[in-house]
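In case you want the letters, here they are:
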Amino acid sequence: MALEQFSDVVQRCQALPDDSYTTEDHDVFTISGRTCIEEGNSAQVLSIVLDEKNQDIVRCMGWNLLPPLIKVLLKKEDKNLSQCLAIFNHLLQTCRPKELLIGLLEQLEQDDPDAIAESLHLLLSPLQKVLLCLGSRKASSLGMTLSSVLDQVAKLPLPHTKEQEEDDIFFFCRCFTNLTDFVRPFVHEAKQNILNCKAQNESPNKKEGEHDGGKEDELRTELLKFCMKTLSHPLLEVQLKDPDTLAVSPLRNFATEILTTLNAIGEVLPSLVFQPLLKRKQVPGFLEEEVRYPKESLASLAHLVFVHHLATDTFPSVFSPVFCLRSNMEHVSLLLSRTEECRIQKGLELYEKSLVRVENGSLPLDLLGIKTFLTVPQNLVKVMTICPRHDLRTRGLKVFQISIDKFNTEAKYSFFQCMLKTSNHSGVEGYIIKNIKNQIDFALQPGNSNVWFEGVHLLPLLRKVFSLPDGPETDLLQYLDRIMESLNLLRYLVIRDKVTENQTGIWTELYKIEDTFIKPLRVGVNMSRAHYERELHNTMEAKKSKAKEELVLSVSVGDEKLPNMSSESQIQALHSALHTFDMIESVLVRIEELTEVKEKP
């Protein structure tokens, strides 16, 4: 029935001009032709499609047969595979490119990972042939195709390990290998257009004010959008493997190809990476600067260059390590401000690689006047304190210390002041105080004297260190790291600095420290100990009264309710807190003993 309808509509249309087919003709051709292929009558359809008398009909309506044909081609095991492939290839040669493009793109839309990979593998080459047939009108169609392809690939699971990239179960890597082959002729065409345009502009016959390259600019723009999109996904979300880890890496090859493409279409890679510092000239076109060059894509590009050393041959050696660091701080700040772990990891890697090239103690104070030199440490604090992954927290701390080491003494001094004021985290403040102690110790060594970690300049910094956020009512357990490092610093100072020399000024400042820090701290310890001893007593009494059954308690400490736990766990926590107060007091006693001995004539 369907074959008869298909033959009838083709015969009826043979006598008509190709612009006079009715809607009914189109519908009957489409429905009956698709049904024939689905019912296995592909040989008869092939005969009709190849008939010389039917070529005008095929040219106008043949693209409607694509869905069932592609379905058979994707299955690969159908008995009519060879006939369907022959029909498919003939349609590619005969039908109008724009209609073919629409039909092929519709068949790209899949949801199952296996189907996505297979349809891309099958259709990218036909799509390339169709687009190349569009001539100078291909730019917008290429952009639409690339966008559709990337949207499909984004549905595939990312390979995170070496084994996943090697096994490529969902053909993620194969898709990007195919995509590289797909885009190559368009890159070559855009590059040739740029060379031709440049030659024409340099021609002595060119009229003044004449502008060239409208269509060429559009092709270049679409390729630029493609590169920027792939830099953001997948290249920002996967960890490229070094050649030592994975000798042949499809993802690393794809990243290299993207950078090569950018260079081929006239983008200067150093200019892209250093965009935050280099003023770019106005680029003609319909895209705004931040749409044309998305910040996240530029950050990904910087990571590929400085961490994986891709395309480094295009970077002049004239750029100093400090200039590279200043530029990359914008990229680092963006990456570390995100919550995705892949971006945080790349931000840490880029920051570390940018820092290690800079000489220790060389960064001056004026860099702290640049916003990113303060926002990046603040973002690092968040990574070190709240990032779920332990390895990223640990690496964040390592990079934080490297960044401190790169500043000169004046910049370190100012940086420490700022971090004590803004970090709002006891552990971080304790770490800063430990760094302050190290700087003072270095300054007190013979030949290392400096004005920032000795004498009058040091005192304002010490006053920030030797203070309690809420006076005697400070939560000592919450601020334990800061308090213990402050006490360790004070103990170090009174041991290391002689009263007669007073290099740090600690002995003239000691009476203030006693009033603002030591006395309030002692009061706080006594108050906290009394409170916790009372809670411990109540808990133990409650346990005794109900010794025969397991007791679940809710205990308040200050205004906070401790989590519900068994009486044994509660008693253990309270004992631990009391031990902490004893530890604080023991250091306080030792400091008082040292000051009494040294202050005696």
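Predicted, not measured: the structure shown is a model, and the values here were computed from it.

K.L.:
Would you explain the overall build of the protein in this entry?
P.N.:
On a plain count of helices and strands, the protein comes out with 26 helices and four strands. Sorting the 601 residues of the protein into buried and exposed places 47% on the buried side. Working note: accessible area of the protein is about 29500 Å², and carbon and sulfur atoms make up 52% of it. Computed over 68 positive and 84 negative side-chain charges, the inter-centroid distance for the protein is 4 Å.

K.L.:
Even after reading the chapter, I still don't get the environment of Gly103, so can you show me in this structure?
P.N.:
Structurally, the position occupied by Gly103 is in helix 7 (residues 97-108). You can call Gly103 buried: its relative accessible area is 4%. Between the alpha carbons of Gly103 and Asp470 there is a distance of 70 Å; along the sequence they are 367 residues apart. Residues contacting Gly103, with those up to four places away along its chain left out, are Trp63 and Leu66.

K.L.:
I would appreciate a short explanation of helix 24 (residues 480-496) in the present structure.
P.N.:
Since the α-helix packs 3.6 residues into each turn, any two residues three or four apart lie on the same face. If you check helix 24, its first and last C-alpha atoms are 24 Å apart, about what 17 residues at 1.5 Å a residue would give, namely 24 Å. Taking burial as the measure, the 17 residues of helix 24 include 12 buried ones, the bulk of the element. Every buried residue belonging to helix 24 is among Leu480, Arg482, Ile483, Met484, Glu485, Ser486, Leu487, Leu489, Leu490, Tyr492, Leu493 and Val494, and all of these are buried.

K.L.:
Looking at this structure, I do not really get the side chain of His90. What am I missing?
P.N.:
Its place among the elements puts His90 in helix 6 (residues 81-94). In this structure the side chain of His90 is engaged in a polar contact, spanning 2.8 Å, whose partner is the side chain of Gln55. Apart from residues no more than four positions distant in its own chain, His90 is found in contact with Val49, Leu50, Gln55 and Val58.

K.L.:
Would you take a moment to explain the packing of aromatic side chains for this structure?
P.N.:
Here a ring pair, both rings aromatic, is described through the centre-centre distance and the interplanar angle of the planes. Evaluated as defined, the whole model comprises 19 aromatic pairs. Seen in terms of ring centroids, Phe274 and Phe315 are 6.0 Å apart; in terms of plane orientation they differ by 85°. Their pairing is edge-to-face. A residue pair is termed long-range when its members are at least 10 positions apart, and Phe274 in the loop between helix 14 (269-273) and helix 15 (289-292) and Phe315 in the loop between helix 16 (295-306) and helix 17 (321-336) qualify at 41 residues. Taken individually, Phe274 and Phe315 each receive the classification buried, so the pair is uniform in this respect. The rings of Phe400, Phe407, Tyr413, Phe415, Phe416, Tyr431, Trp452 and Phe453 are connected pair by pair, giving a single aromatic cluster.

K.L.:
I would appreciate a short explanation of the environment of Ile386 in the present structure.
P.N.:
Within the secondary structure, Ile386 sits in helix 19 (residues 372-386). The spatial distance from the C-alpha of Ile386 to the C-alpha of Ile70 is 50 Å, given a sequence separation of 316 residues.

K.L.:
Mind showing me how you'd approach the state of the cysteines here?
P.N.:
By definition, a disulfide links the sulfur atoms of two cysteine residues through a covalent bond. If you walk through the whole model with that rule in mind, you get zero disulfides. Looking at Cys95, it has no disulfide partner, and the nearest cysteine sulfur is the one in Cys60, 8.9 Å off. For Cys95, a relative accessible area of 6% puts it in the buried group.

K.L.:
Can you walk me through the confidence of the model for the protein in this structure?
P.N.:
Interpretation of this model should avoid reading the predicted coordinates in detail wherever pLDDT is low. Summary statistics for the protein give a mean pLDDT of 90 and a share of 91% for residues scoring 70 or more. Under a pLDDT of 50 for its full length, residues 208-212 has, in the predicted model, eight contacts with residues more than four places off or in other chains.

K.L.:
When you look at the pattern of salt bridges in this model, what are you seeing that I'm missing?
P.N.:
Side chains carrying opposite charge are able to pair once their charged atoms draw close together. The tally for this structure, following the rule as stated, stands at 30 salt bridges. For Lys155, the salt bridge is made with Asp111, and the minimal N-O distance between the two is 3.5 Å. Here the residue Lys155 occupies a position in the loop between helix 9 (139-153) and helix 10 (162-167), and Asp111 occupies one in the loop between helix 7 and helix 8 (113-132), the gap between them amounting to 44 residues. For Lys155, a relative accessible area of 36% corresponds to the partly exposed category. Judged by relative accessible area, which is 68%, Asp111 ranks as exposed. For Arg343, the salt bridge is made with Glu296, and the minimal N-O distance between the two is 2.9 Å. Taken together, the positions of Arg343 in helix 18 (residues 341-356) and Glu296 in helix 16 put the pair 47 residues apart, joining distant regions of the chain. Owing to a relative accessible area of 15%, Glu296 belongs among the buried residues under this scheme. Here the salt bridges share partners, and the residues they tie into one network are Glu237, Glu296, Arg338, Glu340 and Arg343.

K.L.:
Would you take a moment to explain unusual backbone geometry for this structure?
P.N.:
The peptide bond linking His233 to Pro234 adopts the cis configuration, its omega dihedral lying at 15°. Looking at where Pro234 falls in the secondary structure, it is placed in the loop between helix 12 (214-232) and helix 13 (250-264). Its identity as a non-glycine residue notwithstanding, His309 has a phi of 60°, on the positive side. Tracing the backbone shows His309 in the loop between helix 16 and helix 17. Judged by its relative accessible area of 47%, His309 is partly exposed.

K.L.:
How should I be thinking about the packing of helix 5 (residues 66-75) against helix 7 in this particular structure?
P.N.:
In the contact formed by helix 5 and helix 7, the axes pass within 10 Å of each other and the chain directions differ by 45°. Taken together, helix 5 and helix 7 sit at an angle that is classed as oblique. When the axes of helix 5 and helix 7 are compared, the crossing they make is right-handed. Between helix 5 and helix 7, the residues in contact are Leu66, Pro67 and Ile70 and Leu100, Gly103, Leu104 and Gln107, respectively. Of the residues belonging to the contact of helix 5 with helix 7, the class tally is five nonpolar, two polar and no charged.

K.L.:
Please explain helix 22 (residues 426-443) as it appears in this structure.
P.N.:
Under the 1.5 Å per step criterion, the end-to-end length of helix 22 is 26 Å for 18 residues, consistent within 8% with the ideal 26 Å. Close packing links the buried residues of helix 22 with helix 19, helix 20 (390-406), helix 21 (409-422), helix 23 (455-465) and helix 24.

Conventions and cut-offs
- Residues numbered from 1 in each chain as written.
- Predicted model: local features only at pLDDT ≥ 70, side-chain atom pairs only at ≥ 80, totals over all residues.
- Heavy atoms only, no water.
- Helix = DSSP H or I, 4+ residues; strand = E, 2+ residues; numbered from the N terminus.
- Buried < 20%, exposed > 50% of the residue type's maximum accessible area, 1.4 Å probe, protein only.
- Areas by Shrake-Rupley, 256 points an atom, 1.4 Å probe, with all protein chains shown as cover.
- Lys, Arg positive; Asp, Glu negative; His and termini not counted.
- Charge placed at Lys NZ, Arg CZ, Asp CG, Glu CD.
- Contact = heavy atoms within 4.5 Å.
- Expected span 1.5 Å × (residues − 1).
- Polar contact = N/O pair within 3.5 Å; in protein donor to acceptor, adjacent residues only side chain to side chain.
- Phe/Tyr/Trp six-rings, centres within 6.5 Å; stacked < 30°, edge-to-face > 60°.
- Disulfide = S-S within 2.5 Å.
- pLDDT = per-residue confidence, 0-100.
- Salt bridge = Lys/Arg side-chain N within 4 Å of Asp/Glu carboxyl O.
- Axes fitted to C-alpha atoms, helices over the stretch in contact; angles between N-to-C directions.
- Parallel < 35°, antiparallel > 145°, perpendicular 65-115°, else oblique.
- Left-handed = near helix turned anticlockwise from the far one by under 90°.
- Nonpolar A, V, L, I, M, F, W, Y, C, P; charged D, E, K, R; others polar.

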